Every structure is written in structure tokens, then in C-alpha cells.
Amino acid sequence: GEGGPPPLKMPRSTRDHAEESRRLIANMEHRLGESRAAPWQVRKRLFRDLQRELHPDKNLDDPEAAKLAFQRLMELRGSFLAP
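Residues numbered from 1 in each chain as written. Predicted model: local features only at pLDDT ≥ 70, side-chain atom pairs only at ≥ 80, totals over all residues. Heavy atoms only, no water.

J.: I'd love a proper account of the packing of helix α2 (residues 40–54) against helix α3 (residues 63–80), names of residues and values included.
T.: Orientation of α2 relative to α3, taken along the N-to-C sense of each, is 165°, at an axis distance of 9 Å. Considering their axes alone, α2 and α3 lie roughly antiparallel with respect to each other. Our pair here, α2 against α3, has a crossing hand that is left-handed. The segment α2 lies against α3, with R43, L46, F47, L50, Q51 and L54 engaging A66, A69, F70, L73, M74, R77 and F80. Among the residues forming the contact of α2 with α3, the class breakdown is ten nonpolar, one polar and two charged. (Axes fitted to C-alpha atoms, helices over the stretch in contact; angles between N-to-C directions. Helix = DSSP H or I, 4+ residues; strand = E, 2+ residues; numbered from the N terminus. Parallel < 35°, antiparallel > 145°, perpendicular 65-115°, else oblique. Left-handed = near helix turned anticlockwise from the far one by under 90°. Contact = heavy atoms within 4.5 Å. Nonpolar A, V, L, I, M, F, W, Y, C, P; charged D, E, K, R; others polar.)

J.: Which residues make up the environment of R36, and what values do they have?
T.: Structurally, the position occupied by R36 is in the loop between α1 (14–34) and α2. A residue is classified by how much of its surface remains accessible, and R36, at 45% relative accessible area, is partly exposed. Each C-alpha atom, one on R36 and one on L81, is 9.0 Å from the other, the two residues being 45 residues apart in sequence. (Buried < 20%, exposed > 50% of the residue type's maximum accessible area, 1.4 Å probe, protein only.)

J.: How would you explain the packing of aromatic side chains if you had to name every residue and give the values?
T.: Considering all chains together, one arrives at one aromatic pair under this definition. Between F47 and F80, the aromatic rings sit 6.4 Å apart at their centres with planes inclined by 25°, giving stacked as the arrangement. Taken as a pair, F47 in helix α2 and F80 in helix α3 lie far apart in primary sequence, 33 residues in all. Both residues of the pair, F47 and F80, belong to the buried class. Residue placement shows R43 over the ring face of F80; its charged tip is 6.0 Å from the ring centre. (Phe/Tyr/Trp six-rings, centres within 6.5 Å; stacked < 30°, edge-to-face > 60°. Lys NZ or Arg CZ within 6 Å of the ring centre and 35° of its normal.)

J.: Please give an account of α2 that cites residues and values.
T.: Structural remark: α-helix, 3.6 residues per turn; residues separated by three or four positions point the same way. Over its 15 residues, α2 extends 21 Å from the first C-alpha to the last, a length consistent with the 21 Å expected when each residue adds 1.5 Å. Turning to α2, its buried residues number three or more, namely R43, L46, F47, L50, Q51 and L54. The buried side chains of α2 occupy one side of the element, clustering within an arc of 145° when seen end-on. (Expected span 1.5 Å × (residues − 1). Arc of directions from axis to C-beta.)

Here it is as C-alpha cells:
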């Protein structure tokens, strides 16, 4: 017949990815901003932690949003880790 049970998990739309990536990026930028004046070693550790947290392989719920946030993090690398 027609229909059947709905899928257990609806696929995410592009808009959902954009909203989730904005949330991840805002959180990441807030954490980086709080540590801007910290010693270099502290900033380096935070940056590594964020790389792990935001890596698409670690965000199976929404790897596309994580990819966008991870790319933004890498764009900020030079300025955040400057001595």
C-alpha cells in the first residue's frame, strides 16, 4: 500500500545544517574570545580541544554542520594562536 510508517529520523535540511553550524560557531567563538588574553599554551590546548570537539567524525548527528564549524575554527587558527 501507500505510505507506511514514517522514517524514524527525518533527514536534516540544509537550513537545519546552517542553524546548527551557526550555533557551533557561536559557541566556539565565545570560548576563543574568553581565552584571547590567556597564555599561549592555554590557547593551544583550547584550540586542540575544539578541533577534537568540532571534527565532523566526532559529530555523527550532524557532520555537515560540524564541518562548517571546523572550517571556521581553522580559519581563526593563525590569529588565535599568534604569540
